[in-house]
Amino acid sequence: MPQDSSQPAPAPRPSRPPRPPRPSRPSRPHQVVVLVDEGINPFEVGCATELFGLPRPELGRRVPWYEVTVCGPRPGIRMNHGFLSLAGLPGLDAVDSADTLVVPGRPDNVVPRGPEVLDAIRRAHARGTRIVSLCTGSFALAEAGLLDGRRAATHWMWADSFRRLHPRVLLEPDVLFVDEGDVLTAAGSAAALDLGLHIWRRDHGAEIANAVSRRLVFAAHRDGGQRQFVERPVPDVPDESLAPLLAWAQEHLGEPMTVPDLAARAAVSPATLHRRFRAQLGTTPLAWLTAERVTLARRLIERGEERLDVVAARSGLGSAANLRARLRRETGLSPSAYRRRFGRGAGEAITA
């Protein structure tokens, strides 16, 4: 029916302010492909699947964080010393769907990889895939030409062989891992876990990485520059473990605390404390304390604290300027950029 023009038009509804755009959420999991070859080490393969292949419902997200595929040049691969064999593997075409390609190590590093394996690694790198080697997997990356002129890590026992075979690589023989952005290399076997947690932290922030480390029952953060080989002699009585001191310090990061304060708490001299940190953690007391404070600051930002002076005070970093400098040195991001990428508004709530 035609409208009666004599009736007054309805009053327009008051306009609402536009809603902020919803943060984008991944439509699919990040694809991790683990490339195995004859004689591959089972431990590094297990690390990759444990880190990235397990469902993590405790983190409160319906879409899996990562999805793992293990592939090889043949359907059946015999692992190191014949301890295990893998069967029914997809071929190297699986590498073409990788967002991250993981190359574990093997003990026979002087034996060249097959050309089809090296071609798959080069092909993945050329299309922008993130490349990760674990332990002596860095030999394969070097053979493929990915490491020339770049920093890299490998197991300390193989450092001399690596230098002889790949003199153009800038080998750092005494670090846990090296992050060159698109190519990341881990040292000895346990450093695979350190690098894996570093990748979780880089992709999803410190809060999520800490939740993953708790499930692994593994140290949440060991900086890549720490020493690979740390002597841990059987302690004399009394026990010289740093664990009680570290636990206490982590509960008091927001309080004024210096290395002499830590030494006094442990009832030792600063020189003795320094020696124990070097022997047990491969770092210095000051470097450890600073790293713990930066990690706490990152978690506070991720949990929604926007006042930089509050974050700096609660983490013990002192000032907003120092917080900015330390955060940028650690992550390459300013606090505001870090909040946009890893803050609560950037994804689903954390329940772990």
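Residues numbered from 1 in each chain as written. Predicted model: local features only at pLDDT ≥ 70, side-chain atom pairs only at ≥ 80, totals over all residues. Heavy atoms only, no water.

**So, the sheet that holds strand S1 (residues 30-35)**
The condition that has to hold: At least two DSSP bridges between two strands are needed for those strands to be called paired. In this text, helices come from DSSP runs of H or I with a minimum length of four residues, and strands from runs of E with a minimum of two, each type numbered from the N-terminal end. To get an axis, fit a line to the C-alpha atoms, keeping to the stretch in contact for a helix; angles then go from 0 to 180 degrees between the N-to-C directions. Working rule for contacts: check all heavy atoms of both residues, and any pair within 4.5 Å makes them a contact.
In spatial order, the strands read S2-S1-S5-S6-S10-S9; together these 6 strands make up an open sheet with mixed pairing. Looking at strand neighbours, the two that pair on one side only are strand S2 (66-71) and strand S9 (177-179), the edges of this open sheet. Taking each pair of neighbouring strands and ignoring which way they run, the sheet shows an average axis angle of 15°. Looking at chain direction, strand S5 (residues 100-103) and strand S6 (residues 130-133) are connected through 4 bridges and run parallel. Its bridge partner lying in S6, Thr100 is registered against Arg130. Helix-sheet contacts for helix H1 (residues 42-52) involve S1, S2 and S5, and the interaxial angle to S2 is about 155°. Packed on one face of the sheet, helix H5 (residues 191-204) meets S2, S6, S9 and strand S10 (183-186) and runs near 150° to S10.

**Remarks on the packing of aromatic side chains**
For the record, the criterion: Only Phe, Tyr and Trp rings are paired, with Trp represented by its six-membered ring, and only when their centres lie within 6.5 Å; those with planes under 30 degrees apart are stacked, over 60 edge-to-face, the remainder tilted.
Overall, the coordinates contain 7 aromatic pairs when judged by the stated rule. Between Phe139 and Trp158, the ring centres sit 6.3 Å apart and the planes meet at 85°, which makes this aromatic pair edge-to-face. Note that Phe139 is positioned in helix H3 (residues 138-143) and Trp158 in the loop between strand S7 (151-152) and helix H4 (159-165), a separation of 19 residues in sequence. Three or more aromatic residues joined by ring pairs make a cluster, and in this case those are Phe52, Trp65, Tyr66 and Trp200.

**Brief notes about the side chain of Arg150**
Looking at where Arg150 falls in the secondary structure, it is placed in the loop between H3 and S7. Among residues more than four places away in sequence, those in contact with Arg150 are His125, Val169, Leu170, Glu180, Asp182 and Val183.

**Here we look at the environment of Pro107**
Checked against the element boundaries, Pro107 lands in the loop between S5 and helix H2 (115-126). Separated by 30 residues in the primary sequence, Pro107 and Gly137 have C-alpha atoms spaced 9.5 Å apart. Once you skip the residues sitting within four places of it in the chain, Pro107 turns out to touch Gly39, Asn41, Asn80 and Trp158.

**Details of the pairing of S5**
Condition: Each residue's exposure class comes from its accessible area (1.4 Å probe, protein chains only) as a fraction of the maximum for that residue type: buried when under 20%, exposed when over 50%, partly exposed otherwise. Whether a crossover is right-handed comes down to one check: with the strands pointing away from the viewer, does the path from the first strand over the helix to the second run clockwise; if it does, it is right-handed.
Side chains Thr100 and Val102 of S5 all project onto a buried face; the interleaved residues Leu101 and Val103 project onto the opposite face, where all are buried too. In the sheet, S1 pairs with S5 via 3 bridges, with the strands oriented parallel. Among the inter-strand pairings, Val34 is bridged to a residue of S5, identified as Val102. Between S5 and its parallel partner S6, the chain crosses via H2, and the hand of that crossover is right-handed.

**Some words on a nonpolar patch on the surface**
Quick reminder of the rule: Without a salt bridge and with relative accessible area above 30%, a residue can belong to a patch; like charges are then joined within 9 Å and nonpolar side chains (Val, Leu, Ile, Met, Phe, Trp, Tyr) within 5 Å. Only the protein chains shown count as cover for residues, with accessible areas throughout obtained via the Shrake-Rupley method and a probe of 1.4 Å. Salt bridges are counted wherever a side-chain nitrogen of Lys or Arg sits within 4 Å of a carboxyl oxygen of Asp or Glu.
Taken together, the side chains of Val110, Val111 and Leu165 define a hydrophobic patch exposed on the protein surface, amounting to about 250 Å² of accessible area. If you trace the backbone, Val110 turns up in the loop between S5 and H2.

**Remarks on the packing of helix H10 (residues 285-302) against helix H13 (residues 335-342)**
In plain terms, the rule: Roughly parallel covers angles under 35 degrees, roughly antiparallel covers those over 145, roughly perpendicular covers 65 to 115, and oblique covers all other angles. Note on convention: the crossing is left-handed when the near helix lies turned anticlockwise from the far helix by less than a right angle, right-handed when the turn is clockwise. Charged means Asp, Glu, Lys or Arg here, nonpolar means Ala, Val, Leu, Ile, Met, Phe, Trp, Tyr, Cys or Pro, and polar covers whatever is left, Gly included.
Two elements in contact, H10 and H13, have axes separated by 9 Å at closest approach and are oriented at 60°. Looking at the two axes, H10 sits oblique to H13. The two elements H10 and H13 meet at a crossing, and its hand is right-handed. Every residue of H13 that contacts H10 at Arg298, Ile301 and Glu302 is listed here: Pro335, Tyr338, Arg339 and Phe342. Residues belonging to the contact of H10 with H13 are distributed by class as follows: 4 nonpolar, no polar and 3 charged.

**Quick look at the nonpolar core**
Under the convention used in this document: Within this scheme, the nonpolar core is defined by two criteria: the residues are buried Ala, Val, Leu, Ile, Met, Phe, Trp, Tyr or Cys, and they are joined through side-chain atoms within 4.5 Å.
Val36, Leu134, Leu195 and Trp200 are the most contacted members of the largest nonpolar core, which totals 39 residues. Contributing elements (two or more residues each) for this core: S1, H1, S2, S9, S10, H5 and helix H6 (206-216). Counting residues per element, this core draws most heavily on H5, at 7 residues. The residues contacting Leu134, other than those within four sequence positions of it, are Glu44, Ala48, Val102, Val103, Pro104, Gly105, Ala186, Ala187, Ala192 and Leu195. If you look at the next biggest cluster of nonpolar residues, it comprises 28 residues, including Leu35, Ala94, Ala140 and Leu171.

**Considerations on the pattern of salt bridges**
All chains considered together, the criterion is met by 19 salt bridges. Across the salt bridge formed by Arg130 and Asp203, the nearest N and O atoms sit 2.9 Å from each other. Of this pair, Arg130 sits in strand S6 while Asp203 sits in helix H5, placing them 73 residues apart in sequence. For the pair Arg130 and Asp203, one class covers both residues: buried. Residues Arg303 and Glu207 are paired through a salt bridge, measuring 3.1 Å at the closest nitrogen-oxygen approach. Linking Arg303 in the loop between H10 and helix H11 (308-315) with Glu207 in helix H6, this pair joins segments that are 96 residues apart in sequence. On the accessibility criterion, Arg303 (44% relative accessible area) is partly exposed. Among the charged side chains, a network of salt bridges with common partners joins Asp37, Glu38, Arg74, Arg106 and Asp108.

**A short note on the side chain of Glu302**
Note the cut-off: By the counting rule applied here, Lys and Arg register as positive and Asp and Glu as negative, while His and the ends of each chain are not counted. Nitrogen and oxygen atoms within 3.5 Å of one another constitute a polar contact, given that in protein one can donate a hydrogen and the other can accept it, and given that sequence-neighbouring residues count only through two side-chain atoms.
Looking at where Glu302 falls in the secondary structure, it is placed in helix H10. The charged side chain of Glu302 is buried without a salt bridge, its nearest counter-charge being Arg298 at 4.9 Å. Here Tyr338 takes part through its side chain, which lies 2.4 Å from a polar atom of the side chain of Glu302. Excluding residues that lie within four positions of it along the chain, Glu302 makes contacts with Gly205, Ala206, Glu207, Ile208, Tyr338, Phe342, Gly343 and Arg344.

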